[in-house]
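Working through the structure, step by step
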Amino acid sequence: MNVTVEPGRRVRGEATVPGDKSITHRAVLIGAICDGVSRACGYLPAQDCLASIRAVRQLGVTVEERGAELVVHGLGLHGMTEPDDVIDCGGSGTTIRLLCGILAGQVGKAAFLTGNEALRRRPMRRILEPLQEMGAAVIGRSSDQLPPVAIRGAALRGLRYTMPVASAQVKSALLLAGLLASEPSEISEPARTRDHTERMLVAMGAPLRTENRTVLVQPATRLEPIDLHIPGDFSSAAFLLAAAWLVPGSELLLRNIGVNPTRTGLLEIARRMGAGFLVEEEKLVCQEEVASLVAWSQPLRGTLVNGELVPLSIDELPLVAVLGTQAEGETVVRDAAELRVKESDRIAAIATELRKLGAAIDELPDGFAVRGPTPLRGGTVNSHHDHRLAMALAVAALVAQGPVTIEAAECVADSFPGFFALLESLRC
Ligand code: S3P
């Protein structure tokens, strides 16, 4: 599906965005191993999360979609049934990686996990290698590098492990395997990554605590089911915030947005760039910070994003490239080689597509450098079947001098169904 975005018109008004993708995945996958019925109100019914729902159903878990509420009938830590077919994780890295951690400890049960073409190019050794160290019988294609993955659940040992990459998916998979193991585990991360798994597990009564960058987890006997209220996804809100920052005369209020500090690196980047925003009415809802965000347009300046800020803003970095095209001076992102193994090679893809609109952007091995401000021209760009690319390009289109057609734009439904309609409804 192609979508054409016309430039101009201010972005004004109030909105909410769909539920948090990371928390929805966890509500489904971790809810599935609770002892009883969990509820998740405000869950995200997007393609990615539907892959998690389908997967746990194949593992014997009943999941009801009742309007805005998801009801997950957990089978206990070791209660999943052996699936009678291959599990298709679609395009969802969170589904395949977190499931590996859970299934590695389902003693005696075999499972085979695959996904779409894009997922079958994404790295799995980062998960499979430490799981093997725990005694798991897990293998992947291409010497454990890629999906499909084959698992025969086994009794797991504890693990002391320092992750070579800062990845919340790896951390989460190992913590889940750690709960199923017979000894304590210690998982250390090189930089802080999103901590939704830890927060949810603590709420479920799991024997887990965090000390600096190390999570210590004990073998668990059971997880208590919980009732969750899932906030709007900050990573989806980010596209609307950026639209308000860029289009002159804009002002936007977004309510009920998750602002867990392990997710809001973009706000620090925006602050450094001189963007206009306020975080209001912050409160804690179901162990997660939630707030209203107000954003308005004012001149931007370039900045450097590197180090610890990278994992805290990882999914928003393509959007930072778009902001950089309209900022005075240079916007540089470094230490972000992980972007090359997301739904697309986000460094190559954003540089290629923004250049088609006239942006001055150079690819770096671990990031990019953008010189601005540059007037962007209309044209045709491609999403590379990556939802965050499609939405970042739609934001760029708002400040172009002519219409921009985004090819393969249907992928926005992976994380933000209704994105284009919501954006249009806010323009005046
Ligand atoms: C996610 C973690 C991040 C992020 C992805 C969702 C999660 O991936 O990019 O969109 O839900 O844990 P990595 O763990 O690979 O960095």
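Residues numbered from 1 in each chain as written. Predicted model: local features only at pLDDT ≥ 70, side-chain atom pairs only at ≥ 80, totals over all residues. Heavy atoms only, no water.

Across its full length, the protein chain carries 13 helices and 23 strands. Computed over the C-alpha atoms, the radius of gyration of the protein chain is 21 Å, within 12% of the 22 Å expected from 2.2 N^0.38 for a compact globule of 428 residues. Over its C-alpha atoms, taken along the principal directions, the protein chain stretches across nearly 60 × 40 × 40 Å. When each of the 428 residues of the protein chain is scored for burial, the buried share is 62%. Put simply, 76% of the contacts in the protein chain that link residues at least 6 apart link residues at least 24 apart. When the accessible surface of the protein chain is totalled, it reaches about 15,000 Å², and 50% of it is carbon and sulfur. Within the protein chain, the 50 negative side-chain charges are centred at a point lying 2 Å from the centre of the 43 positive side-chain charges. (Helix = DSSP H or I, 4+ residues; strand = E, 2+ residues; numbered from the N terminus. Rg over C-alpha atoms; globule rule 2.2 N^0.38 Å. Buried < 20%, exposed > 50% of the residue type's maximum accessible area, 1.4 Å probe, protein only. Contact = heavy atoms within 4.5 Å. Areas by Shrake-Rupley, 256 points an atom, 1.4 Å probe, with all protein chains shown as cover. Lys, Arg positive; Asp, Glu negative; His and termini not counted. Charge placed at Lys NZ, Arg CZ, Asp CG, Glu CD.)

Bringing the sheet that holds strand β22 (residues 379–382) into the picture now. Working definition: the strands of a sheet are paired by backbone hydrogen bonds and lie parallel or antiparallel to each other. In space, the three strands of this open sheet follow the order β1-β23-β22, with mixed pairing throughout. The strands lining the two open edges of the sheet, one partner per strand, are β1 (3–5) and β22. Geometrically, the sheet is characterised by an average inter-axis angle of 25° between neighbouring strands, direction not taken into account. Of the pairings in the sheet, the one linking β22 to strand β23 (residues 404–407) comprises four bridges and is parallel in character. Note on β23: the bridge partner recorded for Gly 379 is Val 404. Contacting β1, β22 and β23, helix α12 (residues 387–398) crosses the sheet at an angle of about 175° to β23. (Pairing = 2+ DSSP bridges. Axes fitted to C-alpha atoms, helices over the stretch in contact; angles between N-to-C directions.)

Attention shifts here to the nonpolar core. One finds Leu 240, Trp 245, Leu 317, Ile 350, Ile 406 and Phe 419 to be the most contacted residues of the largest nonpolar core, which totals 80 residues. Of all the elements, helix α8 (residues 234–246) adds the most residues to this core, at 11 residues. Setting aside its immediate chain neighbours within four residues, Leu 240 contacts Val 17, Leu 252, Leu 254, Phe 416, Phe 419, Leu 422, Leu 423 and Leu 426. Formed by 68 residues, the second largest nonpolar core is a distinct cluster that contains Ala 27, Ala 177, Met 204 and Val 217. (Core = buried A, V, L, I, M, F, W, Y, C linked by side-chain atoms within 4.5 Å.)

What follows is about the pattern of salt bridges. Taken as a whole and judged by the stated rule, the model has 33 salt bridges. In this structure, the salt-bridge partner of Asp 315 is Arg 388, at a minimum N-O distance of 3.9 Å. With a gap of 73 residues between them, Asp 315 in the loop between β18 (304–305) and α10 (317–325) and Arg 388 in helix α12 connect regions that are remote in the sequence. Overall, the relative accessible area of 11% leaves Asp 315 in the buried class. Taking the shortest distance from any N to any O, the salt bridge between Asp 362 and Arg 371 comes out at 3.2 Å. Its relative accessible area of 37% is what places Arg 371 among the partly exposed residues. Here the residues in one salt-bridge network are Arg 122, Arg 194, Asp 315, Glu 343, Arg 346, Asp 386 and Arg 388, joined through shared partners. (Salt bridge = Lys/Arg side-chain N within 4 Å of Asp/Glu carboxyl O.)

Next up on the list: the site of the ligand. In the vicinity of the ligand, the contacting residues are Ser 22, Arg 26, Thr 94, Arg 97, Ser 167, Ala 168, Gln 169, Arg 194, Ile 314, Asp 315 and Lys 342. Between Ser 167 and the ligand, the recorded distance is 2.7 Å, taken from a side-chain N or O atom to an oxygen atom. Here an oxygen atom of the ligand and a side-chain polar atom of Asp 315 are 2.7 Å apart. The protein chains hide 95% of the 380 Å² of surface that the ligand would expose on its own. Among the secondary structure elements, those contributing two or more residues to the shell around the ligand are α1 (21–31), α3 (93–103) and α6 (168–180). For the shell around the ligand, a count of residues per class yields two nonpolar, four polar and five charged. (Near = heavy atom within 4 Å. Polar contact = N/O pair within 3.5 Å; in protein donor to acceptor, adjacent residues only side chain to side chain. Nonpolar A, V, L, I, M, F, W, Y, C, P; charged D, E, K, R; others polar.)

Quick look at the sheet that holds strand β16 (residues 276–285) now. Spatial strand order, β2-β15-β17-β16: four strands in an open sheet with mixed pairing. Sheet topology places β2 (12–15) and β16 at the edges, where each strand pairs with a single neighbour. Averaged over all pairs of adjacent strands, the angle between their axes in this sheet comes to 15°, without regard to strand direction. Pairing geometry for β16 and strand β17 (residues 288–296), over eight bridges, is antiparallel. Bridge pairing in β17 places Phe 277 opposite Ala 295.

What follows concerns the pairing of strand β11 (residues 185–188). It is a general feature of regular strands that their side chains alternate between the two faces of the sheet. Alignment of strand β10 (residues 160–162) against β11, held across three bridges, turns out to be parallel. By the bridge assignment for β11, Thr 162 is matched with Ser 188. In this view, the connection linking β10 to its parallel neighbour β11 by way of α6 has right-handed handedness. Here four bridges tie β11 to strand β13 (residues 214–217), and the two strands are oriented antiparallel to one another. Following the sheet pairing, Ser 188 is matched in β13 by Thr 214. (Right-handed = clockwise from strand over helix to strand, strands pointing away.)

Another point: the packing of aromatic side chains. Describing an aromatic ring pair means giving the distance of the ring centres and the angle of the ring planes. Following the criterion strictly, the structure yields four aromatic pairs and no others. Between Phe 416 and Phe 419, the ring centres sit 5.3 Å apart and the planes meet at 65°, which makes this aromatic pair edge-to-face. With a relative accessible area of 1%, Phe 416 lands in the buried category. One aromatic cluster in this structure is built from Phe 239, Phe 416, Phe 419 and Phe 420. (Phe/Tyr/Trp six-rings, centres within 6.5 Å; stacked < 30°, edge-to-face > 60°.)

Below, the discussion takes up the layout of surface pockets. If a probe the size of a water molecule is rolled over the atoms, the empty space left behind becomes visible. The space that makes up the largest pocket amounts to roughly 570 Å³. Around the largest pocket, the lining is made up of 37 residues, and of these Ala 168, Arg 194, Ile 314, Asp 315 and Lys 342 lie nearest the centre. When contributions to the lining of the largest pocket are tallied by element, the ones reaching two or more residues are α1, α3, α6 and α12. For the lining of the largest pocket, a count of residues per class yields 11 nonpolar, nine polar and 17 charged. (1 Å grid on protein atoms, 1.4 Å probe; cavity = no way out; pocket = protein on both sides within 12 Å on 5 of 7 lines; lining within 4 Å. Points joined across faces, edges and corners; volume = space filled by probe spheres on them.)

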